[in-house]
Amino acid sequence: MQRGSLKIVKDRHGVKVWRAQWRENGKGRTRLLGRYAEVSRGDARAELDRILAPLASRETAHGTSVTLRRYAEDEYLVARTRLWKTSTRATTEQIIETHILRDLGNRPLTSITRKELQGHLDKIADQGLSFSIVAHVRWQFVAIFEMATGDGAVVLNPTAGLVTPKCKAADQKRVITIADMIRGQMVLEIRERLIYCLAVRDGMIHVERRIYRGNVDTPKSKNSRREIAPTSTTAAILRQYLELVAVQTPTAWLFASEIGDTPLSYSNVYRRRIQPALKAVGLGHVNFQILRRSWVTELSEAESDPAIRAQMAGHSVDVHENEYRQAEPDVLKRAAAKMDKHLQ
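Numbers given for residues are sequential positions, taken from 1 along each chain in its written order. Owing to the predicted nature of the model, reporting of local features is limited to residues with pLDDT of at least 70; listing and counting of side-chain atom pairs is limited to 80 or more, with chain, interface and lining totals taken over all residues. The side-chain quantities take in all heavy atoms of the structure and omit both hydrogens and water.

Draft legend 1. Here's a closer look at the overall build of the protein. Helix numbering and strand numbering both begin at the N terminus, where a helix is a DSSP run of H or I of at least 4 residues and a strand a DSSP run of E of at least 2. The secondary structure content of the protein amounts to 13 helices and five strands. Any residue under 20% of the maximum accessible area for its type is buried, any over 50% is exposed, and the rest in between are partly exposed; the area is computed with a 1.4 Å probe on protein chains only. By the burial criterion, 35% of the 344 residues in the protein qualify as buried. Restricting the contact set of the protein to residue pairs at least 6 apart, pairs at least 24 apart contribute 61%. Entry remark: accessible area of the protein is about 20800 Å², with carbon and sulfur atoms responsible for 51%. Contacts between residues were defined by any pair of non-hydrogen atoms, one from each residue, lying within 4.5 Å. Here the accessible surface of atoms and residues is derived via Shrake-Rupley with a 1.4 Å probe, and residues count as covered only by protein chains that are part of the display.

And the structure:
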């Protein structure tokens, strides 16, 4: 139970009075309790306790009996999931279940302290999870308890002051060379070659619909909905492929399933057709993430303007430069040589 605070201040007439302060529904509250000369400290304290008593009862009714799991599932997720796309919902719910509710879900909301939450973040960071996952767990802690504070389920928010701990250094994100790109392209059949080139030569060229685990959806952001010109190589392969496509209406899928009116599963075509062919030439580790990252990296060599590169990729400039672009060792050596020459 919070005790609030008492302080002697002067009112607008310059008279000393008792001022009480406390928090209610996450907001600071203030009330004057009487003149200092007429009200003793004990009486002022008793009056403040009387004010806080209903809050304590509410905390007991809503907090002590409500566990973190119950509040997260019945209140937080119900409110938030209506705003999330299917992919965001699936990954976020998994993170909340695995890294929050599994360990703390049966605890009453009001019993969880900031020190305990920070210790939990430190523990999962020591387990080798990426900084991104640990930061996401911290963000979910903050969001859950901010909502709980606003609902009156807790009086004090224990997430104030939480920090994301240092995590295990992430492995270098892999890319392939231009020679690897060409070698992989040469061993694929026409349909798979076009899919491969769209990823590694063009980073996808015209995005209006997005598929996630078989669900047709819109792109995740405004930047993701984009149209850019294909490279001449991809355009030539596309023309060859279209000669083999039976249905070419504006609404037809470029890569349709055997049924025809549903999209091809990218994971199936990768696992059954693309990966085996790439593995035969020593590129079995290559996936769509590596292909796209390689395209972004080589694009930085071909186009100097980071804003144009980010627009082509459908990223913000920050994400484009920090998450996708991976400078090759030779590029770093050339940059160091340029700096050496500049300093002479």
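Draft legend 2. Expanded view of helix 6 (residues 178-186). Listed as buried for helix 6 are D180, M181, G184 and Q185. Across the axial projection of helix 6, the buried residues extend over an arc of 135 degrees, all falling on one side. Those residues of helix 6 hidden inside the fold are in contact with helix 7 (190-200), helix 8 (232-242), helix 9 (266-279) and helix 10 (288-302). The arc in question is traced by the directions running from the helix axis to the C-beta atoms.

Draft legend 3. Seen up close, the sheet that holds strand 1 (residues 5-10). Should DSSP find at least two bridges between two strands, the strands are taken to pair. Sheet architecture is open: three strands sit in the order 1-2-3, paired in antiparallel fashion. Pairing within the sheet leaves two strands with one partner each, and these edge strands are strand 1 and strand 3 (27-35). Going from strand to strand, the sheet's axes swing by 30 degrees on average, the running direction of each strand aside. Orientation is described by axes fitted as lines to C-alpha atoms, over the contacting stretch for helices, and by angles from 0 to 180 degrees between their N-to-C directions.

Draft legend 4. Summary view of the pairing of strand 2 (residues 16-24). As paired elements, strand 1 and strand 2 share six bridges and run antiparallel to each other. Each residue of the ladder has a partner; that of L6, found in strand 2, is A20. Hairpin connection between strand 1 and strand 2: a loop of five residues separates the two successive antiparallel strands, and G14 in this loop has a positive phi of roughly 85 degrees. Across eight bridges, the pairing between strand 2 and strand 3 is antiparallel. Bridging from a neighbouring strand, W18 pairs with G34 of strand 3.

Draft legend 5. Spotlight on the packing of helix 6 against helix 7. Where helix 6 meets helix 7, the closest approach of the two axes is 9 Å, and the angle between their N-to-C directions is 160 degrees. Here helix 6 lies roughly antiparallel to helix 7, going by the angle between them. The two elements helix 6 and helix 7 meet at a crossing, and its hand is left-handed. On helix 7, the residues that touch D180, M181, G184 and Q185 of helix 6 are R193, Y196, C197 and V200. Orientation labels follow simple angle bins: below 35 degrees gives roughly parallel, above 145 gives roughly antiparallel, 65 to 115 gives roughly perpendicular, and whatever is left gives oblique. A clockwise turn of the near helix away from the far one marks a right-handed crossing, whereas an anticlockwise turn of less than a right angle marks a left-handed crossing.

Draft legend 6. Region of the structure containing helix 2 (residues 68-80). The first and last C-alpha atoms of helix 2 sit only 16 Å apart over 13 residues, clearly below the 18 Å expected at 1.5 Å per residue. If you check which residues of helix 2 are buried, you get L68, Y71, A72, Y76 and L77. To estimate the expected span of a helix, count its residues, drop one, and scale the result by 1.5 Å.

Draft legend 7. Highlighting the nonpolar core. Put simply, buried Ala, Val, Leu, Ile, Met, Phe, Trp, Tyr and Cys residues joined by side-chain atoms within 4.5 Å make one nonpolar core. Within the largest apolar cluster, 30 residues are counted, with the highest numbers of intra-cluster contacts made by L68, Y71, Y76, L109 and F141. Residue assignment for this core shows that the elements contributing at least two residues are helix 2, helix 3 (86-104), helix 4 (114-126) and helix 5 (131-151). Filtering out sequence-adjacent residues up to four positions away, L68 remains in contact with I100, L101, L104, G105, R107, L109, I112, I144 and F145. Residues L188, L198, A199 and I274 belong to the second largest nonpolar core, which totals 24 residues.

Draft legend 8. Expanded view of the packing of aromatic side chains. Each pair of aromatic rings taken from Phe, Tyr and Trp, with Trp reduced to its six-membered ring, is defined by centres within 6.5 Å and is described as stacked if the planes are under 30 degrees apart, edge-to-face if over 60, and tilted in the remaining cases. This structure, assessed with the given rule, holds three aromatic pairs. Summarising the aromatic geometry, the rings of W18 and Y36 are spaced 5.5 Å apart at their centres and angled 55 degrees between planes, so their arrangement reads as tilted. Residue W18 is found in strand 2, and its partner Y36 is found in the loop between strand 3 and helix 1 (41-64); the two are separated by 18 residues along the sequence. When its relative accessible area of 2% is taken as the criterion, W18 is described as buried. Consider the rings of Y270 and F288, whose centres lie 5.7 Å apart with planes at 50 degrees: the pair is tilted.

Draft legend 9. Layout of the environment of V286. Looking at where V286 falls in the secondary structure, it is placed in the loop between helix 9 and helix 10. The class for V286 is buried, based on a relative accessible area of 1%. Between the alpha carbons of V286 and V175 there is a distance of 8.4 Å; along the sequence they are 111 residues apart. Aside from chain neighbours lying at most four places away, what touches V286 is I176, Y270, L278 and L291.

Draft legend 10. Region of interest: the side chain of E192. Its location among the elements puts E192 in helix 7. Owing to a relative accessible area of 3%, E192 belongs among the buried residues under this scheme. When residues no more than four places from it in sequence are discounted, the contact partners of E192 are V269, R273 and I274.

Draft legend 11. Quick peek at the packing of helix 7 against helix 8. Axis separation between helix 7 and helix 8 bottoms out at 10 Å; the angle between their running directions is 150 degrees. By the angle between their axes, helix 7 is roughly antiparallel relative to helix 8. Helix-helix and strand crossings are classified by hand; for helix 7 and helix 8 the assignment is left-handed. Where helix 7 approaches helix 8, its residues I190, R191, R193, L194, C197 and L198 are matched on the opposing element by T234, I237, L238, Q240 and Y241. Three residue categories are used. Nonpolar comprises Ala, Val, Leu, Ile, Met, Phe, Trp, Tyr, Cys and Pro, charged comprises Asp, Glu, Lys and Arg, and polar comprises the others, including Gly. Taken together, the residues of the contact of helix 7 with helix 8 break down into seven nonpolar, two polar and two charged.

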